[in-house]
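Structural characterization, general
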Amino acid sequence: MNKQQLIIACFSFWLALAGTSEAQLANTIWRGDAKLTIPALTLYDNNADPLPYPKTTTGISIIVPVEVWFWDSSKFLVVFRQGEFGFSAERAPLQPWIGEWTIPVAARTGQLVNKQTVPYGSGIFENQTGSYSKKGNKYSFTARAVDNDSDNNSNVIYPGASQVLTGSFTLKNAQKLSGTASFLQTPNPIGPGQISVAGVSLASFSLTKLPSTPSSTGVDDFIDP
Amino acid sequence: MFVVWGQVPLFAQANFADTIWAGTLTGKTKEVAHYQANAKGASVTGATANQIPAEIWFPSANTFCIVFNNRTNRASTPDGRNGIQVYDSHLYDVVVGENPCPTNPMLTYWTGTGTVNLAKKKMYGTSQTENDDSPETPTMIVNASYSYKKAGSRETLTIQGTAVFPVQGLDLQGDGWRLNPGLVTFIGTFSKTANRVSVEGLKQGSTGF
């Protein structure tokens, strides 16, 4: 093996390793809690005037039950386990929150066999994407929701409004996932009657791998009963 | 001379009878938790609700109640604020304390009590209605201390204390939200208004109860 072949072999081996580690997450579902720290919340009315009921709510920490669906080796979706958070049983147990809205072909099963995008959830945004990648031992991710639609949602969201979730996480023994994230809305509030968050909301999360996968379960749990 | 100096302002006493005071309350919770099938689940911890508009009404010199004025705290009109329907057709809601006007037919359901101890500067109030599942048990008990100041024509009242919720029910399936523990600590500052309980208490509907 000459030097050039050795370099190619090493590079191929490195690529294979990298591919393997990301493939660990492809088509998997992880469940756990996210601890959110929100500096302050303010309610706004349709004219973007603050509603003094109360004027602000501060010092909030919330444990939010979540799932993260890794559709494949680069796309993911954050799902809110609303059924466990106290929402009505008449609503779906899971609500897609932010991330990749396109359902991979393999997960288009059950009632949504022909559905290409995630139904329900934060559907007020026109474009929703979520991607992740690995560098060293750490994964980084960005989920973005953007509204380019200036007509349909003008009563609930301002044209051009967006929200972005960024963060990083590490894997332990391929079974435990933990990391941190920050969440930012622009503008703030993102629309009339919405809630304004002062500053950046931070989250830490710890998740464990579920035996189920997006392709085996499909997304029926995203639909109201 | 000594008597006059003693009365103003160091030993000024509030004349509470038939007065209405407007201001804001700040309430702090330790934990608001969700229960499912009686098992504790998600929770919100450490939340403080700041500057909630409220009014303190004194039907007499030693009775009080806390009233939400929907015009100031939720809407600019009964139909809503800037297009959002945010409350029903009443302007006032009693939250805790003495019935401000038992002769008002819209208030006959209210059986709460609110007493002011002028000597100790303490307030004690309950929330009760004849429509409660257990009308004999208050849904809220308020214990507070107050301080009164008068500077020129401006009179202010600062109160702080706790609101205890003795019974926090979950639904038949054991689902619902509860405060842990079942209390809110609060502090608030109020200024005396020109309104009178004897006038406002009689009103009904969009301008009253």
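Residues numbered from 1 in each chain as written. Chains lettered and ligands numbered in written order. Predicted model: local features only at pLDDT ≥ 70, side-chain atom pairs only at ≥ 80, totals over all residues.

1. A few points about the overall build of chain A
Our working rule: Elements are defined by DSSP. Helices are runs of H or I of four residues or more, strands are runs of E of two residues or more, and each kind is numbered from the N terminus. Every C-beta atom is placed from the backbone, and the number of other C-beta atoms within 10 Å of a residue's own sets its class: buried at 20 or more, exposed at 12 or fewer, partly exposed in between. By the criterion used throughout, residues are in contact when their C-beta atoms, derived from the backbone, lie within 7 Å.
Helices and strands together make up the secondary structure of chain A, namely three helices and 11 strands. Ordered by position from the N terminus, the helices and strands of chain A form the series α-β-β-β-β-α-β-β-β-β-β-β-β-α. In chain A, which comprises 225 residues, the share counted as buried stands at 30%. Once local pairs closer than 6 in sequence are excluded, the contacts in chain A between residues at least 24 apart make up 59%.

2. What to know about the overall build of chain B
From N to C terminus, chain B includes three helices and 12 strands. Within chain B, contacts between residues at least 6 apart in sequence are counted, and of these 57% link residues at least 24 apart.

3. Digging into the confidence of the model for chain B
The criterion, for reference: pLDDT gives the predictor's per-residue confidence on a scale running from 0 to 100.
Counting all residues, the mean pLDDT for chain B is 87, and 87% of those residues have values of 70 or more. If you check the scores for this complex, the pTM reads 0.76 and the ipTM reads 0.75.

4. Digging into the environment of T170(A)
Residue and element names in this part refer to chain A. In this fold, T170 is placed in strand 8 (residues 162-172). Overall, the presence of 13 C-beta atoms within 10 Å leaves T170 in the partly exposed class. Sequence spacing of T170 and P39 is 131 residues, and the spatial spacing of their C-alpha atoms is 26 Å. Setting aside anything within four residues of it in sequence, one finds T170 in contact with N137, K138, S178 and G179.

5. So, unusual backbone geometry
Residues and elements named next belong to chain A. With an omega of -10°, the peptide bond between T186 and P187 qualifies as cis. The residue P187 is located in the loop between strand 9 (176-186) and strand 10 (195-198) in this model. One non-glycine residue, N173, lies in positive phi territory at about 55°. Topologically, N173 is positioned in the loop between strand 8 and strand 9. Judged by the 6 C-beta atoms lying within 10 Å of it, N173 is exposed. A positive phi angle is found at A174, which is not glycine, with a value near 60°. Along the chain, the position of A174 falls in the loop between strand 8 and strand 9.

6. Digging into the pairing of strand 5 (residues 63-69) of chain B
Residues and elements named next belong to chain B. Just so we agree on the cut-off: At least two DSSP bridges between two strands are needed for those strands to be called paired.
Counting buried residues along strand 5, six of its seven residues qualify, which places the element largely inside the surrounding structure. Relative to strand 5, strand 4 (residues 48-60) runs antiparallel, the two sharing four bridges. From the neighbouring strand, S60 faces strand 5, where its bridge partner is T63. Once strand 4 ends, the chain turns through two residues before running back antiparallel as strand 5.

7. Details of the nonpolar core
We apply this condition: Buried Ala, Val, Leu, Ile, Met, Phe, Trp, Tyr and Cys residues form a nonpolar core when they are connected through C-beta atoms within 7 Å.
In terms of nonpolar packing, the biggest core is built from 43 residues, with V66(A), V68(A), W69(A), F76(A), L77(A), V78(A) and V79(A) touching the most fellow members. Elements with a minimum of two residues in this core: strand 1 (28-44), strand 3 (56-70), strand 4 (76-80), strand 5 (95-99), strand 7 (138-146), strand 8, strand 9 and strand 11 (201-209) of chain A. When residues of this core are assigned to their parent elements, the largest contribution, seven residues, is made by strand 3 of chain A. The residues touching V78(A), leaving out its near neighbours within four places in the chain, are V66(A), V68(A), W97(A), I98(A), G99(A), A143(A) and L165(A). A14(B), W110(B), V184(B) and F209(B) belong to the second-largest nonpolar core, a separate cluster that totals 35 residues.

8. Side note on the confidence of the model for chain A
Residue and element names in this part refer to chain A. Scored by pLDDT, chain A comes out at a mean of 83, with 84% of its residues at no less than 70. When the elements of chain A are averaged for pLDDT, helix 1 (residues 3-23) gives the smallest value, 49, and strand 7 the largest, 96. Within the model, pLDDT remains below 50 along residues 10-20, and this stretch shows one contact once partners closer than five positions in the same chain are excluded.

9. Observations regarding the environment of K203(B)
Residue and element names in this part refer to chain B. Following the sequence through the fold, K203 ends up in the segment after helix 3 (197-200). C-alpha separation for the pair K203 and L91, spaced 112 residues apart in sequence, amounts to 9.3 Å. Other than its neighbours up to four places away in sequence, K203 contacts G208 and F209.

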